[in-house]
Amino acid sequence: MWTHLRRSFVMAVICMLVFGFLYAFAGTGVAQLLFGYQANGSIGPNGSALIGQNWTGRSWFHGRPDDTGPYAADPHKNVSGGDNPLVANGVNGGSGATNLGPRSKALVADTRALVAYWHRLGVAHPTPDLVTTSGSGYDPDISPADALVQVPMVARATGISSARLRRLIASQTHGPQFGFLGSSYIDVLSLNEALARLRGAGS
Amino acid sequence: MGFFLTLVLLVASLGLAWRYLGSYMASVFEGRVHWLSWVERPLYRLLGTSPEREQSWKRYAGALVVFSGMSLLFTYLVLRLQGHLPLNPQHLGDVGSALSFNAAASFVTNTNWQNYGGETTMSYFSQITLMVQQFVTPAVGIVAAVVVVRGFARKKASAVGNFWVDLTRCLLYVLLPIAFVAGIVFVGQGAVQTLAGTATFHDALNGVTQTIARGPIAFMEAIKQLGTNGGGFLNANSATPFENPTGLTNFLSVFLLLCIPVSLTYTFGKMVGSRRHGVALLAVMVILFGSVLAVTATAEHQNNPAVAAAGVHASVGNTEGKEVRFGDTTSALFGVASTSTSTGSADAAYDSFTPMGGFGLLVGMMFGEVSPGGTGSGLYTLLIYAVIAVFIGGLMIGRTPEFLGKKIQATEVKLAGLGALVMPIVVLVVTAIAVSTAAGRAGPLNHGPHGFSEILYGLTSQGNNNGSAFGGLTGNTPFYNVIGAIDMLLGRFAIMIPAIALGGVLARKDVVPQSLGTFRTDNTMFVGLTTGVVVIIGGLTFFPALALGPIVEQLSHGRFF
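Since the structure is predicted, the reported quantities are computational estimates derived from the model, not experimental observations.

Peer 1: Pulling in residues and values, what's your account of the overall build of chain B?
Peer 2: Looking only at helices and strands, chain B features 19 helices and four strands. By the compact-globule yardstick of 24 Å for 561 residues, chain B fits well, its C-alpha radius of gyration being 23 Å. When its C-alpha atoms are laid out on the principal axes, chain B stretches across 75 × 55 × 50 Å. A total of 561 residues make up chain B; the buried ones form 63% of that total. Counting contacts in chain B only where the partners sit at least 6 residues apart, residues at least 24 apart contribute 79% of the total.

Rendered as structure tokens:
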């Protein structure tokens with residue numbers, strides 16, 4: 001028993017040093033050296049390409065309703081969250097999903113509220129991605145179909161023709177990785193940055 | 001089409017891992033791998049042991065239990081003292097005692113159930129301490145499986161190996177190199193790896209100011225998946241882009257969490273001198289995994305009933321709780337791989353899966369984590385089921401059953417029976433306690449059958465050391481912290497210790513020569529029998545509970561709760 005205890009103590013300390021600190025620090029060193037931009041969060045001038053933001057009004061493409069703000073079915077419930085991913089979906093535990101079940105009355109009500117929200121913006125047929133929340137609570141992406149249903153709204157608000165917007169969407173669409181891993185997606189921040197350049201050039 | 005190609009690539013890459021990683025692991029545990037012996041030797045000196053000094057199964061199990069207890073204490077103390085320790089840029093305070101106990105038990109049992117949100121509760125020091133257990137516990141599971149394998153491989157032997165040597169070799173030669181290489185891939189794809197704390201920035205286009213959590217995430221991600229741990233740095237786990245940024249990392253995650261449990265069947269075959277027996281075990285795993293995947297992938301490709309009820313129909317499947325870059329079927333694959341391997345990581349919100357999709361995840365765990373199960377624990381649990389199948393087969397033909405030439409007698413069957421029955425009994429009893437107390441019923445977020453499913457899922461997950469959740473369950477209460485910790489500790493050690501004992505008892509036996517009347521344990525018939533035993537012990541024991549949860553939810557068309 002005493003031998004077991006002594007060896008356990010020694011082994012626990014060694015593991016802490018080698019598989020804890022050495023591994024984490026060496027990993028951080030290699031990561032910062034080889035992939036500094038990615039390792040620090042892929043942060044550009046307007047934010048991280050990997051973290052969804054809250055887009056309001058008709059002149060921008062919107063991401064998924066992951067945030068609270070104007071999307072929440074009950075605006076009083078989750079207002080503390082705002083656009084801070086540390087409080088995604090109003091959950092004070094950082095990232096997180098709604099966790100509403102497939103036969104949840106609350107999910108039916110939330111979805112109806114989101115459909116109404118899109119109708120107010122002038123999007124007649126919102127796609128499922130646009131009325132459901134994601135797993136992380138701040139999905140940075142939408143599908144090409146999600147972007148296309150927003151084209152009439154953005155075209156009317158910005159005066160840019162639908163055809164140009166559709167070309168913009170096509171140019172911003174990433175296919176599945178290597179042609180088959182995952183799904184097609186558009187990074188909403190990059191899409192809106194490209195849209196801003198287009199608007200800057202047009203005016 | 002993309003999903004089909006993903007499956008083809010997965011099968012091909014796992015096939016290669018099975019052949020080469022499996023063979024490599026056999027060499028490691030037979031002491032034929034030496035490229036890090038310059039690290040090994042001083043370590044053994046510090047520990048006061050050497051590869052030549054082997055232990056009886058009792059001493060082996062004793063060392064394993066004492067070491068796990070020490071790990072539990074270490075982890076608990078770090079969490080309790082977090083506020084006074086370095087590497088805490090967010091100045092997070094000490095973790096409460098019930099939560100610390102639950103988290104320590106969770107990481108020491110390879111469960112990684114998390115009653116906390118990582119980015120808002122744990123300092124970098126604490127996360128690194130938890131990550132240490134993500135290396136140690138899969139190694140502990142693997143060496144326990146190796147003892148059972150040696151039980152079949154050795155003849156008239158009183159020793160089963162040296163715990164400290166096996167543990168060290170598993171950590172150094174198997175887990176560390178693979179995790180480090182995978183970690184670099186995760187970072188290259190966009191996973192975060194920094195010690196610089198949170199980042200705050202302003203977007204001039206929309207006027208948004210954001211604060212985002214960062215940390216040493218990518219390398220933790222690698223060992224989290226490889227060791228079938230599942231506990232992520234961030235609350236939403238592999239759904240967050242900082243843990244799992246792309247389709248490639250998602251695929252890599254699925255590969256990593258399956259590769260060791262699958263390859264161990266080859267290791268088994270090689271060490272006992274009959275690859276056919278390894279293939280037979282692999283076949284059982286593949287049949288069970290394939291069935292569950294078919295159910296869940298099909299279910300997730302349907303509309304979410306609640307979203308459809310709100311008037312939104314489309315052909316893209318259930319999008320609630322899923323990330324656009326992965327899609328529905330790929331998220332289903334991740335979910336099934338993660339719940340069938342005791343990993344419990346999540347790239348989508350399992351709570352929002354369709355009723356039958358969630359049913360598949362639950363069943364994957366209820367099989368006892370054998371398809372292919374956790375690192376090591378999958379193999380030894382399946383061998384326990386195989387011993388029971390041999391016993392039943394022997395009863396049918398009226399002979400003393402044999403498995404790989406070892407007579408399966410009363411002691412072995414008792415140990416196997418104990419190992420197989422602990423999990424269903426523990427899970428059903430704690431679930432019954434939870435639903436019959438007010439503290440337990442306060443947990444679920446959802447109403448109706450789904451609320452019951454949340455309790456059942458949580459306690460099944462912990463009892464099987466999986467760690468995934470129907471996340472709506474509020475677990476950070478004294479009741480769930482304590483009952484969950486008991487559930488996890490019993491689900492780990494009350495199966496592992498009988499398994500090690502089984503290995504020890506088998507090692508002592510001589511091998512009886514094969515004859516014409518020997519019941520074959522490497523053919524299709526035996527694969528079918530073992531699969532049947534798993535389905536009956538797992539599936540049928542839990543059927544009444546499943547009927548009250550996902551099955552009734554699936555059947556209640558048009559009703560919402």
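Moving on from the model shown.
Peer 1: I'd like a rundown of the overall build of chain A, residues and numbers included.
Peer 2: Assigned secondary structure in chain A consists of eight helices and five strands. Reading chain A from its N end, one meets helices and strands in the order α-α-β-β-α-α-β-α-α-α-β-β-α. A total of 203 residues make up chain A; the buried ones form 51% of that total. Considering only intrachain contacts with a sequence separation of at least 6, the fraction spanning at least 24 residues in chain A is 55%.

Peer 1: Got a sec to walk through the sheet that holds strand β4 (residues 173-174) of chain A? Specific residues and values, please.
Peer 2: Residues and elements named next belong to chain A. Across the sheet, which stays open at both edges, the three strands sit in the order β3-β5-β4 with antiparallel pairing between neighbours. Of all strands in the sheet, those with a lone pairing partner are β3 (141-142) and β4, marking the two edges. Examined bridge by bridge, β3 and strand β5 (residues 185-187) share two bridges and lie antiparallel to one another. Each residue of the ladder has a partner; that of Asp-141, found in β5, is Asp-187.

Peer 1: Talk me through the confidence of the model for chain A; I want residue IDs and the actual numbers.
Peer 2: All names here are of chain A. Mean pLDDT over chain A stands at 86; residues scoring 70 or higher make up 85%. Per-element mean pLDDT across chain A ranges from 88 in helix α3 (residues 105-121) up to 97 in helix α7 (residues 162-172). Confidence drops under pLDDT 50 across residues 68-82; counting only partners more than four residues distant or on other chains, this segment forms 29 contacts.

Peer 1: Just give me the short version of the pairing of strand β1 (residues 199-203) of chain B, but keep the residues and values in it.
Peer 2: All names here are of chain B. Pairing analysis gives five bridges linking β1 to strand β2 (residues 208-212), with the strands arranged antiparallel. Across the sheet, Phe-201 pairs through a bridge with Gln-210, a residue of β2. Between β1 and β2, which follow one another and run antiparallel, lie four residues, and Gly-207 among them has a positive phi close to 75°.

Peer 1: Before we move on, can you summarise helix α12 (residues 328-339) of chain B with the specific residues and values?
Peer 2: All names here are of chain B. Between its first and last C-alpha atoms α12 spans 16 Å; for twelve residues at 1.5 Å apiece the expected length is 16 Å, and the two agree. In terms of burial, α12 is largely enclosed, as twelve of its twelve residues are buried. All of the buried residues in α12 are Asp-328, Thr-329, Thr-330, Ser-331, Ala-332, Leu-333, Phe-334, Gly-335, Val-336, Ala-337, Ser-338 and Thr-339. Contacts from the buried residues of α12 go to α1 (2-29), α9 (247-272), α10 (275-300) and α13 (355-366).

Peer 1: Hey, could you go over the interface of chain A and chain B for me, with residue numbers and the actual values?
Peer 2: The figure often quoted for interface size is the accessible area lost as the parts come together. Listed as interface residues are 85 residues of chain A and, on the opposing side, 102 residues of chain B. Put simply, the parts of the chain that give the side of chain A that touches chain B at least two residues each are α1 (2-34), α2 (36-39), β2 (47-48), α3, α4 (128-131), β3 and α8 (188-202) of chain A. Element by element, the count of residues in the side of chain A that touches chain B is highest for α1(A), at 21 residues. Of the residues that constitute the side of chain A that touches chain B, the class distribution is 40 nonpolar, 37 polar and eight charged.

Peer 1: Would you mind going over the packing of α10(B) against helix α19 (residues 524-555) of chain B in detail, with residue names and values included?
Peer 2: Residue and element names in this part refer to chain B. Contact geometry for α10 and α19: axes closest at 9 Å, N-to-C directions at 50°. With respect to α19, the element α10 is oriented oblique. Note that α10 runs across α19; the crossing there is right-handed. Contacts between α10 and α19 involve Ala-280, Ala-283, Val-284, Ile-287 and Leu-288 from the former and Phe-526, Val-527, Thr-530, Thr-531 and Val-534 from the latter. Its residues assigned to classes, the contact of α10 with α19 comprises eight nonpolar, two polar and no charged.

Peer 1: Can you tell me about unusual backbone geometry, naming the residues and giving the values?
Peer 2: Residue and element names in this part refer to chain B. Residue Ser-371 is joined to Pro-372 through a cis peptide bond whose omega torsion reads 0°. Despite not being glycine, Thr-228 shows a phi value in the positive range, around 45°. Mapped onto the elements of the fold, Thr-228 is located in the loop between α8 (218-226) and α9. In this structure Thr-228 comes out as buried when scored by C-beta crowding, with 37 C-beta atoms within 10 Å.

Peer 1: Kindly report on the nonpolar core, identifying the contributing residues and their values.
Peer 2: All names here are of chain B. Core analysis: the largest hydrophobic core is formed by 224 residues, its most contacted members being Ala-139, Val-143, Ala-144, Leu-175, Tyr-385, Val-387 and Ile-500. Counting residues per element, this core draws most heavily on helix α6 (residues 124-153), at 20 residues. Apart from residues no more than four positions distant in its own chain, Ala-139 is found in contact with Leu-167, Cys-170, Leu-171 and Leu-175.

Peer 1: I'd like to hear about the packing of α6(B) against α8(B), residue by residue, with values.
Peer 2: Each packed pair of helices is defined by two parameters, the angle between the axes and the distance between the axes. Residue and element names in this part refer to chain B. Close contact between α6 and α8 brings their axes to 9 Å; oriented N to C, the two are set at 30°. With respect to their mutual orientation, α6 and α8 come out roughly parallel. The two elements α6 and α8 cross, and the hand of that crossing is left-handed. Taken together, the residues of α8 that come into contact with α6 (itself represented by Gln-127, Met-131, Gln-134 and Phe-135) are Met-220, Ile-223 and Lys-224. Of the residues belonging to the contact of α6 with α8, the class tally is four nonpolar, two polar and one charged.

Peer 1: Give me the environment of B:Ala159: which residues, what numbers.
Peer 2: All names here are of chain B. Within the fold, Ala-159 resides in the loop between α6 and α7 (163-189). For Ala-159, a count of 17 C-beta atoms within 10 Å gives the class partly exposed. Not counting the four nearest positions on each side in its chain, Ala-159 is found in contact with Glu-54, Gln-55 and Ser-56.

Peer 1: Let's hear about the confidence of the model for chain B: which residues, and what values?
Peer 2: When the pLDDT values of chain B are averaged, the result is 95; 100% of them are 70 or greater. As a predicted assembly, this complex carries a pTM of 0.95 together with an ipTM value of 0.94.

Rules used in this analysis
Residues numbered from 1 in each chain as written. Chains lettered and ligands numbered in written order. Predicted model: local features only at pLDDT ≥ 70, side-chain atom pairs only at ≥ 80, totals over all residues. Helix = DSSP H or I, 4+ residues; strand = E, 2+ residues; numbered from the N terminus. Rg over C-alpha atoms; globule rule 2.2 N^0.38 Å. Buried ≥ 20, exposed ≤ 12 C-beta atoms within 10 Å, placed from the backbone. Contact = placed C-beta atoms within 7 Å. Pairing = 2+ DSSP bridges. pLDDT = per-residue confidence, 0-100. Expected span 1.5 Å × (residues − 1). Nonpolar A, V, L, I, M, F, W, Y, C, P; charged D, E, K, R; others polar. Axes fitted to C-alpha atoms, helices over the stretch in contact; angles between N-to-C directions. Parallel < 35°, antiparallel > 145°, perpendicular 65-115°, else oblique. Left-handed = near helix turned anticlockwise from the far one by under 90°. Core = buried A, V, L, I, M, F, W, Y, C linked by C-beta atoms within 7 Å.

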